[in-house]
Amino acid sequence: MVGHSLQASFQLPDPALIDSLRFNEAGLIPAVAQDWLDGAVLMVAWMNREAIEHTLATGEVHYWSRSRQELWHKGATSGHTQTLRDLRYDCDADVLLLTIEQTGDVACHTGARSCFFDNGPAATAGGSAAAPPPADVCTELMRVIEGRRDRPEPGSYTNKLLEGGDNRILKKIGEESAEFVMACKDNNAAEIAGEAADILFHLQVALAHHGVSWREVQQVLAQRRGAPRRE
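Residues numbered from 1 in each chain as written. Predicted model: local features only at pLDDT ≥ 70, side-chain atom pairs only at ≥ 80, totals over all residues. Heavy atoms only, no water.

**Focus: the state of the cysteines**
One pass over the full model with this rule turns up 0 disulfides. Between Cys115, a free cysteine, and Cys108, which holds the nearest cysteine sulfur, the sulfur-to-sulfur gap is 3.8 Å. (Disulfide = S-S within 2.5 Å.)

**Examining the packing of aromatic side chains**
The way to describe two aromatic rings as a pair is by their centre distance and the angle between their planes. One pass over the full model with this rule turns up 2 aromatic pairs. Ring centres 5.3 Å apart and planes at 45° place the aromatic pair Tyr63 and Trp72 in the tilted group. Under the relative-accessibility criterion, Tyr63 is labelled buried at 0%. Aromatic side chains Tyr157 and Phe201 sit 6.1 Å apart centroid to centroid with 20° between the ring planes, which places their arrangement in the stacked category. Of the two residues, Tyr157 is situated in helix 3 (residues 157-186) and Phe201 in helix 4 (residues 189-209); the sequence distance between them amounts to 44 residues. What makes Phe201 buried here is its relative accessible area of 16%. Sitting over the ring of Trp36, Arg85 keeps its end group 4.2 Å from the ring centre. (Phe/Tyr/Trp six-rings, centres within 6.5 Å; stacked < 30°, edge-to-face > 60°. Buried < 20%, exposed > 50% of the residue type's maximum accessible area, 1.4 Å probe, protein only. Helix = DSSP H or I, 4+ residues; strand = E, 2+ residues; numbered from the N terminus. Lys NZ or Arg CZ within 6 Å of the ring centre and 35° of its normal.)

Treat this as a map of the structure, not an account of what it does.
Right, dumping it as structure tokens:
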């Protein structure tokens, strides 16, 4: 698994952007923290000018605690720090979007990955067993596949593949790859997209069968972005 930080490959934004922001009457601006790999929304907090300056100077996210009325270095106590990977502001310049690498994969004070885990009429306690936040479609698909692996369902096509092991799974990857090649040869956009989706699905089944997470694949792709060009 790729576990080291890629902060060196990321250029921190120019602090001059602060002058473009619209703070509220208390000198604050809301900040949405988003996972740098799967796009999941992890938390929402507040920042002031000082918090943004510290974030841009250190590369680790700082917020402003309204309850304590002080600067809050996220994760300074728990170890669940947030490394800044990008910072954007919206069209009205009154909301920030922070793309972050979350240490420990825990952003919520309850121990959940994200603060956004409830969708029912009654609030729950969160924690490590809380529902994961919505993410990109490939991440969501992998969750379904891993769910079938861990909790098999009668009649499930995914379970039939997993029960067949590498012989069945890899055969399907070969078949779908050939169909993808032919769709490309015919230059049929709809078929190309469909066959590509089939390859990704069966690829993820193979990953689940071998205990490799989709996030590990995302980390490798992110590591390769910006790497020296190969001859």
